[in-house]
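Now for the letters of each chain:
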Amino acid sequence: MKNVPLSAKRYLYLFNGVLILLLLGVGYTWSIFVGPLEAWFGWSRTQTSLAFTLNILSFSLGVILCGMLGKRYHFERVAQFAACLLAAGFILTTRITQVWQLYITYSLLCGTAVGMMYSAIISTLPLWFRDKTGMATGILIMGYALSTTILGPVCQQLLAARGWQTTFFLLGTADLIVMGLGGFFVRLPRSKELAELPKAPESSEISAHDVTTKEMLRSPSFYFLFVYFVTQGSCGLTVINHMSPLLTSELGMTAAAAALAVSAGSLVNGFGRLACGVIFDKIGSVATARFIATSNLVILVLLYLAYRSEIAPLVVILLCFVLFFFGGDSSTIPSITRGLYGEKNFSGNYSIVSLQSLFSGIPASIAGMLQTAVGTYEYMFYLLCLCALCATAGAWGMGIRKKGNEQK
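These numbers come from a predicted model, not from an experiment. (Residues numbered from 1 in each chain as written. Predicted model: local features only at pLDDT ≥ 70, side-chain atom pairs only at ≥ 80, totals over all residues. Heavy atoms only, no water.)

A. Focus on the overall build of the protein chain. Looking only at helices and strands, the protein chain features 18 helices and 0 strands. For the protein chain, whose C-alpha radius of gyration is 20 Å, the value lies close to the compact-globule estimate of 22 Å for 408 residues. Along the first, second and third principal axes, the C-alpha atoms of the protein chain reach 55 × 45 × 30 Å. When burial is assessed residue by residue, the protein chain has 59% of its 408 residues classed as buried. (Helix = DSSP H or I, 4+ residues; strand = E, 2+ residues; numbered from the N terminus. Rg over C-alpha atoms; globule rule 2.2 N^0.38 Å. Buried < 20%, exposed > 50% of the residue type's maximum accessible area, 1.4 Å probe, protein only.)

Structural data, given as structure tokens:
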């Protein structure tokens, strides 16, 4: 790519990142694997929900490993290692016979690999777009969300025609080829390239603040931010984990109709990532977080009322809105971290902020336990509203900073 103009090269790198994240996001189709695995092995909803929760927890481990390895090796090598690890996780899953083996192959190996690859891309490619970081981050993470829309129906057909083992094997093979080759282009701009790229606007929020990790941890805003990310993320992850079973078991939808609803939710999720990235570029970190959290709380209250009234189409629409704001939250985590605490120490700060995923997947598992215990998803909605309320409180407290360091 030596002869490709830099203005075009950065968009090629962006496209490569979107393609990788498209495959990487296949883990969010987990709900369509739940039924086949439970039918094959006789596992409970609690056991399959735990697999998803552990996968999300392992994601944080992958982000931390990426931060550590990124200091010693080029991000290209980190990305290629993650591709091999992810392929191994999917392919080894085809050989499982016990649920604890699923927790190792799908949850630990795949979750860690996804976190490493995701972090490598988010740590490098937005720096090619310092003039519109929020938009570039939103486009990248939109690819992550669109995985369910594009690959969800494909996986559903493969599951029906070939079974879950073949589906996992093909996913692992595709990941190895696409991500292994694409990893060559997951890199930081070199000094000469950085000088030639468009600069961030003078009024850029990101250029105005540069905070060390130690200073970040001493700031009151960090703890409100952390609560916001944990609980806002919990709402979306719980819906992703339980959307298909909820629609089929309690609202009478067919498996095919539920799969279509899940795909629609993924599409809306992806659009939310791009839309909120653009919003971030316009109004900044704190205002974006407050908009997302407050809107999500209102939607969840309406969702509960629609569920109690058993209005399936309205439930699907409102679930899609929850996923829209989940997408917006996901795409703005790195942007808000950059916006509040700067670019210079982003890698270290983001590795701490990303620990939110250690906790954000827990409510999804709790929802599964509640459903198993009482046979209904009603208590899941109480849990979701509580999470949304905490997220709103965190977002509105996020603007609190030490005196002399006010944030818009």
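B. Expanded view of the pattern of salt bridges. Overall, the coordinates contain 5 salt bridges when judged by the stated rule. Across the pair Lys-9 and Glu-193 runs a salt bridge whose closest N-O atoms are separated by 3.8 Å. Remark: Glu-193 occurs in helix H8 (residues 191-196) and Lys-9 occurs in helix H1 (residues 6-24); sequence separation between them is 184 residues. Judged on exposure class, the residue Lys-9 and its partner Glu-193 are both buried. A salt bridge links Arg-187 to Glu-193; its shortest N-O distance comes to 2.9 Å. The same class applies to Arg-187 as to Glu-193, namely buried. Through salt bridges that share partners, Lys-9, Arg-187, Arg-190 and Glu-193 make up one connected network. (Salt bridge = Lys/Arg side-chain N within 4 Å of Asp/Glu carboxyl O.)

C. Region of the structure containing the packing of helix H11 (residues 220-249) against helix H18 (residues 378-397). The interhelical angle for the contact between H11 and H18, taken along N-to-C directions, is 155°, at an axis separation of 7 Å. Taken together, H11 and H18 sit at an angle that is classed as roughly antiparallel. Judged by the sense of rotation from one axis to the other, the crossing of H11 with H18 is left-handed. Facing Phe-224, Val-227, Tyr-228, Thr-231, Gln-232, Ser-234, Cys-235, Thr-238, Val-239, His-242 and Leu-246 of H11, the residues of H18 in contact are Met-380, Phe-381, Leu-384, Cys-387, Ala-388, Cys-390, Ala-391, Ala-393, Gly-394, Ala-395 and Gly-397. Across the contact of H11 with H18, the residue classes break down as 15 nonpolar, 7 polar and no charged. (Axes fitted to C-alpha atoms, helices over the stretch in contact; angles between N-to-C directions. Parallel < 35°, antiparallel > 145°, perpendicular 65-115°, else oblique. Left-handed = near helix turned anticlockwise from the far one by under 90°. Contact = heavy atoms within 4.5 Å. Nonpolar A, V, L, I, M, F, W, Y, C, P; charged D, E, K, R; others polar.)

D. Just the nonpolar core, in detail. Within the largest apolar cluster, 120 residues are counted, with the highest numbers of intra-cluster contacts made by Trp-30 and Leu-247. At 15 residues, helix H14 (residues 312-341) tops the list of elements feeding residues into this core. Contact partners of Leu-247, with chain neighbours within four places excluded, come to Gly-252, Met-253, Ala-258, Ala-261, Val-315, Val-316 and Leu-319. (Core = buried A, V, L, I, M, F, W, Y, C linked by side-chain atoms within 4.5 Å.)

E. Layout of the packing of H1 against helix H7 (residues 164-182). Contact pair H1 / H7: the axes reach a minimum separation of 10 Å and the direction vectors enclose 155°. Here H1 is positioned roughly antiparallel relative to H7, judged by the angle of their axes. Of the two elements, H1 crosses H7, and the hand of that crossing is left-handed. Contacts between H1 and H7 pair Asn-16, Leu-19, Ile-20, Leu-23 and Leu-24 from the former with Ala-174, Asp-175, Val-178, Met-179 and Gly-182 from the latter.

F. Representation of the confidence of the model for the protein chain within the structure. A residue-level look at the protein chain finds 94% of positions with pLDDT of 70 or above and a mean pLDDT of 85. Below pLDDT 50 for its whole length, residues 402-408 participates in 16 contacts with residues either more than four positions away or in separate chains. (pLDDT = per-residue confidence, 0-100.)

G. Inspection of the packing of aromatic side chains at higher detail. Applying the stated criterion to the full structure yields 23 aromatic pairs. Taken together, a centroid distance of 6.2 Å and an interplanar angle of 80° make the contact between Trp-164 and Phe-168 edge-to-face. With a gap of 4 residues between them, Trp-164 and Phe-168 both fall in helix H7, about one helical turn apart. In this structure, Trp-164 and Phe-168 share a single accessibility class: buried. Aromatic ring contacts, followed pair by pair, group Trp-30, Phe-33, Trp-40, Phe-41, Trp-43, Phe-90, Tyr-106, Trp-164 and Phe-168 into a single cluster. (Phe/Tyr/Trp six-rings, centres within 6.5 Å; stacked < 30°, edge-to-face > 60°.)

H. Representation of unusual backbone geometry within the structure. Unlike most non-glycine residues, Glu-310 shows phi in positive territory, near 60°. Mapping Glu-310 onto the fold places it in the loop between helix H13 (285-308) and H14. Residue class for Glu-310 comes out exposed when judged on its relative accessible area of 59%.

I. Structural context of the environment of Val-286. Within the fold, Val-286 resides in helix H13. Overall, the relative accessible area of 2% leaves Val-286 in the buried class. Here the alpha-carbon distance between Val-286 and Ile-336, two residues 50 residues apart in the chain, equals 7.8 Å.

J. Molecular detail of the environment of Tyr-382. Along the chain, Tyr-382 falls in helix H18. Each C-alpha atom, one on Tyr-382 and one on Leu-140, is 33 Å from the other, the two residues being 242 residues apart in sequence. Within polar-contact distance, the side chain of Tyr-382 engages the side chain of Tyr-304 at 3.2 Å. (Polar contact = N/O pair within 3.5 Å; in protein donor to acceptor, adjacent residues only side chain to side chain.)

K. Here's a closer look at the side chain of His-242. Relative to the assigned elements, His-242 resides in helix H11. Here the side chain of His-242 touches Ala-364 through a polar contact of 2.8 Å, landing on its backbone oxygen. Separated by 3.1 Å, the side chains of His-242 and Tyr-377 make a polar contact. Sequence-distant contacts of His-242, that is, excluding residues within four places in its chain, are made with Ser-49, Ala-364, Ala-367, Gly-368, Tyr-377 and Met-380.

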